[in-house]
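# Descriptive analysis of the structure
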Amino acid sequence: MQPKTENGKDSILNQPPKENIPAVQPLIWRNIIIIAALHVVSIYLFITRYTEAKFWTWIFAPIYAVVGGFGITAGAHRLWAHRSYKAKLPLRILLAILYCMTGMTCLTRWIRVHRTHHRYTDTCADPHNSNRGFFFSHVGWLMMKHHPAVKEYGKNVDLSDLAADPVIRFFDKYYIPIMVSLCFVLPSVIPVYVWNETWFISIGAVIFRYAVALNMIFSVNSFAHIWGSRPYNRTLKPAENPTVAFIALGEGWHNYHHVFPWDYKASELGFARLNLTAGFIEFMAWLGLAYDLKIPSVEIVAKYRANKGDGTIDLSG
Ligand SMILES: [Zn+2]
Ligand SMILES: [Zn+2]
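Attention here is on the structure that accompanies the text. Bear in mind that the values here come from a model prediction, so they are computed numbers and not experimental data. (Residues numbered from 1 in each chain as written. Chains lettered and ligands numbered in written order. Predicted model: local features only at pLDDT ≥ 70, side-chain atom pairs only at ≥ 80, totals over all residues. Heavy atoms only, no water.)

## Considerations on the environment of Ser 202
So the rule is basically this: Secondary structure elements follow DSSP: runs of H or I of four or more residues count as helices, runs of E of two or more count as strands, with numbering from the N terminus. Residue exposure (1.4 Å probe, protein chains only): buried if accessible area is under 20% of the type maximum, exposed if over 50%, otherwise partly exposed. Residue contacts are defined here by distance: any two heavy atoms, one from each residue, within 4.5 Å place the two residues in contact.
As for its placement among the helices and strands, Ser 202 is situated in helix α10 (residues 199-221). Exposure remark for Ser 202: the relative accessible area of 1% places this residue in the buried category. In sequence terms Ser 202 and Ile 190 are twelve residues apart; their C-alpha atoms lie 8.5 Å from each other. Every residue in contact with Ser 202, bar those within four places of it in the chain, is listed here: Pro 187, Ser 188, Pro 191, Val 192 and Glu 197.

Here it is in structure tokens:
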């Protein structure tokens, strides 16, 4: 089906060009300064003060990052962006809360960017087009306005299902106060009041956790679009990258994911293969909170491997 423009006519540009078409993309200095400062402060704090953090602060920060991470992987990504399973109201609320712990942009904007990425992968209309290099796809794309093609083709991405979900509407409406409370304030307060961490170290740990977690998620768009095997479609840039799968809770099996984006496992083998998010969704299904978990048939996956794959077996990545 050809993309449609807003007035329903076929777009003049049926497919966005693969090669980069130079366009004016003004820099967003606010983002550049925030991202640069976040990294400089995080590295400085880690190098100079890491010995002062209490034991429980070292345990708490990574757990907070992983728990919040499920809000992105199982929530914004596999549930809302791809509809790879269905979730009852309590789970949707939980996932939206976890998502806010990570300090991303609001849910609807994240999902719009991701659906655009899948529809126009590695073209001008892909917000983090990996053909523009590692830095651009990792974080550079957040430092400038989108390429005009992203806006032009992004109109073809349907978001009507999100507007119909009251959980998305609520969390979008009150996003900033909820996100600031859950991503920054709460994890700063807990170490101070529960195990007597100093305010300085507690806030420093929050800043450091935020910087590390952002890079773990960014790595899906950069590392997993550049390095790895392509057993399901050798013509796609997204690749099977076990390192990214490990740090991004199972989101690194990216060649498979771009071929079967509606599979709740986002990989062929699921939980057994560096995929905590698949285990999380299966646990929620066991509790009765998730249902209609979608997977392709074994035959279809084998057919893709045989006809389009690069020939790698890839059971270990
Ligand atoms: Zn991708
Ligand atoms: Zn996806």
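## With respect to the pattern of salt bridges
Keep this limit in mind: Salt bridge, as applied in this entry: a Lys or Arg side-chain nitrogen positioned within 4 Å of an Asp or Glu carboxyl oxygen.
Taken as a whole and assessed by the stated rule, the structure comprises nine salt bridges. Taking the shortest distance from any N to any O, the salt bridge between Asp 161 and Arg 115 comes out at 2.8 Å. Of the two residues, Asp 161 is situated in helix α7 (residues 160-163) and Arg 115 in helix α4 (residues 107-119); the sequence distance between them amounts to 46 residues. Taking the relative accessible area as the measure of exposure, Asp 161 reaches 25% and is therefore partly exposed. Here Glu 240 and Arg 273 are joined by a salt bridge, their closest N and O atoms 3.8 Å apart.

## A word on the coordination of the zinc ion (ligand 2)
The condition that has to hold: In this listing, donors mean N, O and S atoms no farther than 2.8 Å from the metal, or 3.2 Å for Na, K and Ca; water is missing from the atoms, so a site can look incomplete.
Looking at the metal site, the zinc ion (ligand 2) is ligated by His 77 (NE2), His 82 (NE2), His 114 (NE2), His 118 (NE2) and His 257 (NE2), spaced 2.0 to 2.2 Å from it. Read in sequence order, the donor residues coordinating the zinc ion (ligand 2) give the pattern H-x4-H-x31-H-x3-H-x138-H. Taken together, the positions of His 77 in helix α2 (residues 55-81) and His 257 in helix α12 (residues 254-259) put the pair 180 residues apart, joining distant regions of the chain. Owing to a relative accessible area of 2%, His 257 belongs among the buried residues under this scheme.

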